[in-house]
Amino acid sequence: QVQLVESGGGLVQAGESLRLSCAASGRFFSSYAMAWFRQAPGKEREFVALISRSGGFAMYADSVKGRFTISRDNTKNMVSLQMTSLTAEDTAVYYCAADSGRAADTTVSGYNYWGQGAQVTVSS
């Protein structure tokens, strides 16, 4: 069992940057693959980025590739999402997720644990 709490959301202007963090409680954090998803109003939740258990592999949605960076610190039970060059299309609630049993899982159903979400609003 793991509990996830996101922080760092807010309102920014287009072109600015924002960093989201996700603090995990519980044991064996390093045994969980971690991911970020987002959900815009009226849309389905979508994959943003994932990182492997060791942090040695990362994968991104095409829409954020080159602008977002996912990282993790297994000594602090933390995963982060650095977002740059934000646009209005990045406006959404961002969710931290943990524990996919499959490698490089980009599906919502693949993750068993979810945070409560952090609102990111980008004004144009």
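What comes next is a walk through the structure.

Rules and cut-offs
- Residues numbered from 1 in each chain as written.
- Predicted model: local features only at pLDDT ≥ 70, side-chain atom pairs only at ≥ 80, totals over all residues.
- Heavy atoms only, no water.
- Helix = DSSP H or I, 4+ residues; strand = E, 2+ residues; numbered from the N terminus.
- Polar contact = N/O pair within 3.5 Å; in protein donor to acceptor, adjacent residues only side chain to side chain.
- Contact = heavy atoms within 4.5 Å.
- Buried < 20%, exposed > 50% of the residue type's maximum accessible area, 1.4 Å probe, protein only.
- Pairing = 2+ DSSP bridges.

Note on placement: Arg 67 falls in the loop between β6 (58–60) and β7 (68–73). Among the polar contacts listed, one links the side chain of Arg 67 to the side chain of Asp 90, at a separation of 2.8 Å. Apart from residues lying up to four places away in sequence, Arg 67 is in contact with Gln 82, Met 83, Thr 84, Ser 85, Leu 86, Thr 87 and Asp 90.

The next point concerns the pairing of strand β9 (residues 92–98). Regular strands place their side chains on alternate faces of the sheet. The buried count for β9 comes to six of seven residues, which makes it a mostly enclosed element. Pairing geometry for strand β4 (residues 34–39) and β9, over six bridges, is antiparallel. In the sheet register, Phe 37 faces β9, and the bridge partner there is Tyr 95. Both β9 and strand β11 (residues 118–123) contribute to a ladder of three bridges, which runs antiparallel. What sits directly across from Val 93, in β11, is Gln 119. Summarising the sheet, β9 and strand β10 (residues 113–114) pair through two bridges and their orientation is antiparallel. Residue pairing in the sheet places Ala 97 in a bridge with Trp 114 of β10.

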